[in-house]
Amino acid sequence: MEDDNRVVARVETGLIVAGFAGMFFLLPRMYWGDGSVRYFQLTALLTQGTVQEGKYSMVGPLFSAPLWLIEKIVGSPEWWTLRYNLLLLVGGVAFVWFALRDRLPRPLLRRFILLLVFASMFTHHQLNYYGEVFTAILVLIGTVALLGGKAWPGWLTVAIGVANTPAALPAMALMTAKWIWDVRRLRWVLAVCAAVALVMAEAWLRRGSPFATGYEADNQGRRTIMPYSGLPGFSYPIFFGVLSLIFSFGKGLLFFAPGLFLPVRQRLRHLAAGRQLYDLWLAFVIGLLLLYGMYWAWSGAVFWGPRYLLFAAVPAAFALAVRCYQSDASAVADLVTVMALGLSVWAGLNGAVFGDVDVPKVCWPDRVDYYEAPICFYTPEFSALWHPFVAGGKPLTAGQWIYLGYGLAVGAYLMAGPLLRLAGHLRTWAIPAAAWVRGVRW
């Protein structure tokens, strides 16, 4: 493993810690939608001892019970619980660092963490109490644990995370199949069985049947101008669903997690642990993409970005970190890296500071009947990423302005290396070009 520059290490560690502090104290929390339902379910359980029949899993919220109890003791309703997803992100990042610091180059690992904290979809998801962060972080922790020789604890962690989002079971199955292929041990199919057992146990406890998902009654959307709207369940044509989840301006991974589409497997040929992790993460993302491409609510409605594909931020950030870490790239490769990195930095800042507050006013102004989905899904002017430039954005708090300035500074730091390499390539081209121009007789 190569030597690590102590000054750079301290600077980057300081940036990460300060970024978490800014998220914790400067950014206002979002309390609406599914997050409020989960919070009320947890409150009912802890105050009345009743387990409600709601369709949203209680696996993730149960782990936030200590924060709920702290709120009751110190008298700060919702303050700690609404920071639950941020604390999950902090814990996941800390685990990744201590588990991989001797298996991957530390500069690469810190760059990966910097990108997860500042330039990924996690920046928006950590603002609320939705369930995607719990699933994504536990799958991340579980897969990292696999490489440390802790296979059964790792798979149990993944199973708990997936039990919080039962729709992720096919993604886990695909990732498990990849692991079985790598290690040539069929017994790991038991990990998927454990996740299925947890899902069925919760359904039985809360709804009276292991096969009751809670989505039977209202698993259907409104009828809009879109030709396949209004259909129930997993009825959406997978071709159009996957196409939209990748390329649409308002929900596409190409814009919210561009690092996912950068080729890096050849660059990982000397980092066996990194390549194995990256392949497992990609398998999980592909499973999510194929399943949610068929879901009637593939878009996540008015939620910022591709809501259900949050885990895609993990391999996307890792791919960008690898390309920033490698210094033997061509000019074209560096140009692509700079473009993807710049877009990722903006997606992270946009999600943390601007979010999706203004966009629903355009797509769903009356919040009752009218919902013009194509406007926010496919029109770039009404994408959450670009709408602030069109409408000027919402008024920002002082804390948001501070975080925005700090995030831009971190983004400039992340972009400095690839930009300098690109400038070096251009300089190499410019010298012979200038000599040729001087030698031409005009």
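Residues numbered from 1 in each chain as written. Predicted model: local features only at pLDDT ≥ 70, side-chain atom pairs only at ≥ 80, totals over all residues. Heavy atoms only, no water.

1. Some thoughts on the overall build of the chain
What counts, and what does not: Here a strand is any run of E in DSSP of at least two residues, a helix any run of H or I of at least four, and the numbering for each starts at the N terminus. In this analysis, two residues are considered to be in contact whenever any of their non-hydrogen atoms come within 4.5 Å of each other. The protein chains shown are the only cover counted for residues, whose accessible areas, like all others here, come from Shrake-Rupley with a 1.4 Å probe.
What the chain contains, in helices and strands, is 20 helices and 0 strands. Considered along the principal axes of its C-alpha atoms, the chain spans approximately 85 × 50 × 50 Å. For the chain, the share of sequence-separated contacts (at least 6 apart) that also reach a separation of at least 24 residues comes to 73%. Entry remark: accessible area of the chain is about 19,700 Å², with carbon and sulfur atoms responsible for 68%.

2. Focus: empty space enclosed by the protein
The cut-off we apply is this: Here the term cavity refers to a set of points on a 1 Å grid, laid over the protein atoms alone, in which a 1.4 Å probe fits but cannot get out; the term pocket refers to an open set having protein on both sides within 12 Å along at least five of seven lines, with lining residues being those that place an atom within 4 Å of a point. Grid points are joined across faces, edges and corners, and a volume is the space filled by probe spheres set on the points.
Here the structure, examined in full by the defined rule, presents 5 cavities of 30 Å³ or more. Taken as a whole, the largest cavity spans an internal volume of roughly 120 Å³. The wall of the largest cavity is formed by Glu132, Thr135, Ala136, Thr165, Ala168, Phe284, Leu288, Tyr292, Tyr308, Leu310 and Phe311. Mapped by element, the contributors of at least two residues to the lining of the largest cavity are α8 (132-147) and α14 (272-292).

3. Structural notes on the packing of aromatic side chains
So the rule is basically this: Two aromatic rings, drawn from Phe, Tyr or Trp (for Trp, its six-membered ring), form a pair once their centres lie within 6.5 Å of each other, and the interplanar angle then sorts them: stacked below 30 degrees, edge-to-face above 60, tilted otherwise. Residue exposure (1.4 Å probe, protein chains only): buried if accessible area is under 20% of the type maximum, exposed if over 50%, otherwise partly exposed. By the criterion adopted, a ring carries a charge over it if an Arg CZ or a Lys NZ lies within 6 Å of its centre and within 35 degrees of its normal.
Throughout the structure, instances matching the rule amount to 33 aromatic pairs. On the basis of an interplanar angle of 90 degrees and a centroid distance of 5.4 Å, the ring pair of Phe112 and Phe318 is categorised as edge-to-face. With Phe112 in helix α6 (residues 106-118) and Phe318 in helix α15 (residues 313-325), this residue pair connects regions lying 206 residues apart in the sequence. Judged by relative accessible area, which is 2%, Phe318 ranks as buried. Here the aromatic cluster, defined as three or more aromatic residues joined through ring pairs, consists of Tyr228, Tyr236, Phe239, Phe240, Trp298, Phe377 and Tyr378. A cation sits over an aromatic face here: Arg83 above Phe24, 5.7 Å from the ring centre. Directly above the aromatic system of Trp79 lies the positively charged group of Arg83, at a separation of 3.7 Å from the ring centroid.

4. So, the confidence of the model for the chain
Rule in force here: A residue's pLDDT is simply how confident the predictor is in it, with values from 0 to 100.
For the chain, mean pLDDT is 88; residues scoring 70 or higher make up 91% of the total. Mean pLDDT across the elements of the chain bottoms out in helix α17 (residues 359-363) (67) and peaks in helix α13 (residues 253-256) (97).

5. Thoughts on the packing of helix α9 (residues 151-163) against helix α10 (residues 169-183)
Our working rule: Helix axes are fitted to C-alpha atoms over the stretch in contact, other axes to C-alpha atoms as well, and angles between N-to-C directions run from 0 to 180 degrees. Roughly parallel means an angle under 35 degrees; roughly antiparallel, over 145; roughly perpendicular, 65 to 115; everything else is oblique. Put simply, a crossing is left-handed when the front helix is turned counterclockwise from the back one by less than a right angle, and right-handed when it is turned clockwise. Each residue gets one label: Ala, Val, Leu, Ile, Met, Phe, Trp, Tyr, Cys and Pro are nonpolar, Asp, Glu, Lys and Arg are charged, and the others, such as Gly, are polar.
Orientation of α9 relative to α10, taken along the N-to-C sense of each, is 160 degrees, at an axis distance of 10 Å. In this view, α9 runs roughly antiparallel relative to α10, as classed from their interaxial angle. At the point where α9 passes α10, the crossing takes the right-handed sense. Contacts from Trp155, Val158, Ala159 and Val162 in α9 reach Leu169, Met172, Met175, Thr176 and Trp179 in α10. Looking at the contact of α9 with α10, its residues break down into 8 nonpolar, 1 polar and no charged.

6. Examining the pattern of salt bridges
Side chains bearing opposite charge may pair, as long as their charged atoms lie close to each other. The condition that has to hold: A pairing counts as a salt bridge when a side-chain nitrogen of Lys or Arg comes within 4 Å of a carboxyl oxygen of Asp or Glu.
One pass over the full model with this rule turns up 9 salt bridges. Its salt-bridge partner being Arg111, residue Glu12 comes within 3.3 Å of it at the nearest N-O pair. Residue Glu12 is found in helix α1 (residues 6-25), and its partner Arg111 is found in helix α6; the two are separated by 99 residues along the sequence. Judged on exposure class, the residue Glu12 and its partner Arg111 are both buried. Arg106 is paired through a salt bridge with Asp102; the nearest N and O atoms lie 3.1 Å apart. For Arg106, a relative accessible area of 30% puts it in the partly exposed group. Look at Asp102 and you get exposed, because its relative accessible area is 57%.

7. Focus: a nonpolar patch on the surface
Let me state the cut-off plainly: Without a salt bridge and with relative accessible area above 30%, a residue can belong to a patch; like charges are then joined within 9 Å and nonpolar side chains (Val, Leu, Ile, Met, Phe, Trp, Tyr) within 5 Å.
Taken together, Leu174, Tyr228, Leu231, Ile238, Phe239, Phe240, Leu243, Phe247, Ile286 and Leu290 make up a surface patch of nonpolar side chains, about 880 Å² in accessible area. Where the nonpolar patch is concerned, the elements lending two or more residues are α12 (238-247) and α14. In terms of residues, the nonpolar patch owes the most to one element, α12, which gives 5 residues. Take Ile286: it is sitting in helix α14. Assessed through its relative accessible area of 43%, Ile286 is described here as partly exposed.

8. Points about the nonpolar core
The line we're drawing: Within this scheme, the nonpolar core is defined by two criteria: the residues are buried Ala, Val, Leu, Ile, Met, Phe, Trp, Tyr or Cys, and they are joined through side-chain atoms within 4.5 Å.
In terms of nonpolar packing, the biggest core is built from 137 residues, with Phe112, Phe122, Met172, Phe284 and Phe311 touching the most fellow members. In this structure, Phe284 is in contact with Val139, Val162, Ala168, Ala171, Met172, Met175 and Phe311, ignoring residues within four places of it in sequence.

9. So, the environment of Leu289
Position of Leu289 relative to the elements: it lies in helix α14. As for Leu289 and Pro210, which are separated by 79 residues in sequence, their C-alpha atoms are 26 Å apart. Apart from the residues lying within four places of it in its own chain, the contact partners of Leu289 are Val242, Leu245, Ile246, Leu253 and Leu309.

10. Brief notes about the side chain of Thr81
Within the element layout of this structure, Thr81 appears in the loop between α4 (65-74) and α5 (84-100). Dropping the residues within four chain positions of it, Thr81 is found in contact with Tyr39, Ser64, Leu67, Trp68, Glu71 and Tyr129.

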